[in-house]
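Coordinates in review
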Amino acid sequence: MSKTTKTEYIPIRVEPELKTKLIAEADELGITLSEHIRQILVTVPVIGSVKDGVIEIQGDHGQRGFIGLGHEIIGQQERIVVVREDGVAHLFAAGVGRHLLRGQFRPAFDVDGTGADLIRLATFQGEQFYTPLTHRARWFVESVTLLAGIGMVYLMVNLMRPVLRAPHSSLGERRLASLLVRDCGASSVAYFALGADKQYAFNEAGNCVIPFVLQRGVALAAGGVIGPEEDRAEAVRTFCAMCEENHWAPAFVMLEEPELGDYRASGLDTVKIGEEALLDLATYDLKGKGKQDLRTAMNRAQREGWKLQLFDGEVTDEALAAQIRELSEEWLRDKVGGEMGFVMGGSPITGSKDTLVTTVTDSTGKLMAFVTWVPMFAAKGWADDYIRRAEDAPHGAVEFAVVGTLEKLKERGDKVVSLGLAPLANVASENQEAVLSLERGLEIIYERFAGPFHYRTLKQFKDKFEPRWENRYMAYPGIAALPRVVLALAVAQMPGFGLAELGKAVRGGSGEAA
């Protein structure tokens, strides 16, 4: 089988005295400092892998120990190129410290002797070929043994700890989950419970389901429990017990305020993560000063001959479907984070038997904007998913698409529409003096990232429709687990986020839904 090779950069911090010596040696050899350190690395007969900022080393006979990268930093940070094959880092790093201290040991430095000595130290054999001459050298020898001991204890604890893999839901479980979602799923994210990325946890009675993904040791549930209200608290307890058995951190996102008691009763903390915009179709109209922009968009559409189509199912016009795909690809080029996932971005952009698609074309048939809608099954409603417009589309095209859809859904007898979450909106604590509160911290994040991710623009766009705003929450197992949970959520929501996407954010690329 062929091996794929990719390059990873591992930062190494060097003490100033040793760095000066290495620079002098590099100058004599006519190479850069990084190249000199790389040459040192490749002479050490030890392989291993990097995990959580620690190098795991493996000797010639399979013995294992651990050595950290944390030396004191002074001056410029150097980068070492490490080649990875099939995802396993072949790091020749155990002897870096030994080489850097080679003048502080007797006899003189030797590659084979160094490798053998390191393996003996890491496996507690006691015998040493090299004798340390200085305090720093003795500290290095002791640290190798100490870190190896810590690694052994960590390895034994993990070997004895029963950690189960996330089970792949069977076809029968998926069918049961689908039935429960279609019967009881009333939230704007219920549709995403049917995604192929989801696993399912059921209560003992089998009448409640929790759809979740396992991300970085966090069992991240998409919305709250789906099932009869009286059985939800028991379902949360069962899910948390399953997570504890597997050493996962349980977390739930997009929870509604009335159900928070069920999660707090299971020992979870809750925090507001934003507000969701909801429209009650029975009473919705375009009256009022605040909806002037919407009326302007409707009038312009009529004047310029824009055409709105609502597809209940797949778009059958292949030419229009091709325009939808092309517009979507164009829109994604500058969007920070790439295509979204987890509880958004799961509907087919050209429609399906469960979803709706709204298109807006100009008088020549050119597509200006489109919106996809996912069902809020038990609420007899719809939630927007993708909202995309052409770069040269005139102002008001998206507003026309949404208002036109609202009118058609109202005629059909549908009851509610969700325009989605305004992330981190109004999350600050009511006590403004509590500047160290979690909510206040989230507000600071909102202010910092409102530009590249267009949080404020999203809120302003949804405000045009004068929706009913409802708080949405996240439940998590205490403040210590919160960083893990937030990272897991970010990875699940933006699976394509990487350095290129970060560059877009720095440049102020698009992050808005519309």
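Residues numbered from 1 in each chain as written. Predicted model: local features only at pLDDT ≥ 70, side-chain atom pairs only at ≥ 80, totals over all residues. Heavy atoms only, no water.

A closer look at the pattern of salt bridges
Tallying each qualifying case throughout the model produces 17 salt bridges. The shortest N-O distance in the salt bridge between Lys353 and Asp354 comes to 3.6 Å. Look at Lys353 and you get exposed, because its relative accessible area is 71%. The class of Asp354 is buried, set by a relative accessible area of 17%. Asp463 is paired through a salt bridge with Lys459; the nearest N and O atoms lie 3.2 Å apart. Of this pair, Asp463 and Lys459 both sit in helix 13 (residues 455-463), four residues apart, which is roughly one turn of that helix. We classify Lys459 as buried; its relative accessible area is 16%. (Salt bridge = Lys/Arg side-chain N within 4 Å of Asp/Glu carboxyl O. Buried < 20%, exposed > 50% of the residue type's maximum accessible area, 1.4 Å probe, protein only. Helix = DSSP H or I, 4+ residues; strand = E, 2+ residues; numbered from the N terminus.)

Quick notes on the pairing of strand 17 (residues 381-389)
A large share of strand 17 lies buried, amounting to eight of its nine residues. Across seven bridges, the pairing between strand 16 (residues 367-376) and strand 17 is antiparallel. The partner of Val374 across the bridge, within strand 17, is Ala383. Sheet analysis places strand 17 next to strand 18 (residues 416-423), joined by three bridges and oriented parallel. Among the inter-strand pairings, Gly381 is bridged to a residue of strand 18, identified as Val416. Handedness of the crossover joining strand 17 and strand 18 through helix 11 (residues 397-412): right-handed. (Pairing = 2+ DSSP bridges. Right-handed = clockwise from strand over helix to strand, strands pointing away.)

Quick look at the environment of Asp293
Tracing the backbone shows Asp293 in helix 9 (residues 292-304). A residue is classified by how much of its surface remains accessible, and Asp293, at 42% relative accessible area, is partly exposed. Along the sequence, Asp293 and Lys464 sit 171 residues apart, while their C-alpha atoms lie 7.2 Å from each other.

Focus on helix 6 (residues 171-184)
Given a rise of 1.5 Å per residue, 14 residues ought to cover 20 Å, and the 20 Å separating the end C-alpha atoms of helix 6 matches this to within 8%. By the burial criterion, the buried members of helix 6 are Ala177, Ser178, Leu180 and Val181. Packing partners of the buried residues in helix 6 comprise strand 9 (199-202) and strand 10 (209-215). (Expected span 1.5 Å × (residues − 1). Contact = heavy atoms within 4.5 Å.)

With respect to the nonpolar core
Formed by 43 residues in total, the largest nonpolar core has its most connected members in Leu406 and Phe465. Ranked by residues supplied to this core, first place goes to helix 11 with eight residues. Apart from residues no more than four positions distant in its own chain, Phe465 is found in contact with Leu279, Tyr284, Lys291, Leu294, Glu399, Val402, Val403, Leu406 and Leu419. One finds Val218, Ile226, Val271 and Val416 within the second-largest nonpolar core, a separate group that totals 37 residues. (Core = buried A, V, L, I, M, F, W, Y, C linked by side-chain atoms within 4.5 Å.)

Focus: the side chain of Asp354
By secondary structure assignment, the location of Asp354 is in the loop between helix 10 (318-332) and strand 15 (356-361). Within the local environment of Asp354, its side chain forms a polar contact with the side chain of Arg182, the two groups lying 3.0 Å apart. (Polar contact = N/O pair within 3.5 Å; in protein donor to acceptor, adjacent residues only side chain to side chain.)

Some remarks on the packing of helix 9 against helix 11
For any two helices packed against each other, one specifies the inter-axial angle together with the distance between the axes. Close contact between helix 9 and helix 11 brings their axes to 9 Å; oriented N to C, the two are set at 90°. Judged on the interaxial angle alone, helix 11 and helix 9 are roughly perpendicular. Judged by residue contacts, Leu294, Ala297, Met298 and Ala301 of helix 9 engage Glu399, Phe400, Val403 and Glu407 from helix 11. Classifying every residue of the contact of helix 9 with helix 11 by side-chain character gives six nonpolar, no polar and two charged. (Axes fitted to C-alpha atoms, helices over the stretch in contact; angles between N-to-C directions. Parallel < 35°, antiparallel > 145°, perpendicular 65-115°, else oblique. Nonpolar A, V, L, I, M, F, W, Y, C, P; charged D, E, K, R; others polar.)

Section: the environment of Gly224
Locating Gly224 in the fold gives a position in the loop between strand 11 (218-222) and helix 7 (232-246). In this structure Gly224 comes out as buried when scored by relative accessible area, which is 13%. Separated by 34 residues in the primary sequence, Gly224 and Ala190 have C-alpha atoms spaced 8.9 Å apart. If we ignore the near neighbours within four places in the chain, the residues touching Gly224 are Val253, Leu255, Glu259 and Tyr263.

Focus on the pairing of strand 19 (residues 468-476)
Remember that side chains alternate between the two faces of the sheet whenever the strand is regular. Of the pairings in the sheet, the one linking strand 12 (residues 249-256) to strand 19 comprises three bridges and is antiparallel in character. Across the sheet, Glu256 pairs through a bridge with Arg472, a residue of strand 19. Pairing between strand 13 (residues 269-280) and strand 19: nine bridges, direction antiparallel. Residue pairing for strand 19: Ala277 is matched across the bridge by Trp469.

Considering a negative patch on the surface
Among the surface-exposed residues, Glu326, Glu329, Glu330 and Glu391 lie close enough to one another that they form a single negatively charged patch. Inspection of the secondary structure assignment puts Glu329 in helix 10. (Patch = residues over 30% accessible without salt bridge, like charges linked within 9 Å, V, L, I, M, F, W, Y side chains within 5 Å. Areas by Shrake-Rupley, 256 points an atom, 1.4 Å probe, with all protein chains shown as cover. Lys, Arg positive; Asp, Glu negative; His and termini not counted. Charge placed at Lys NZ, Arg CZ, Asp CG, Glu CD.)

Taken by themselves, the reported measurements are silent on function.
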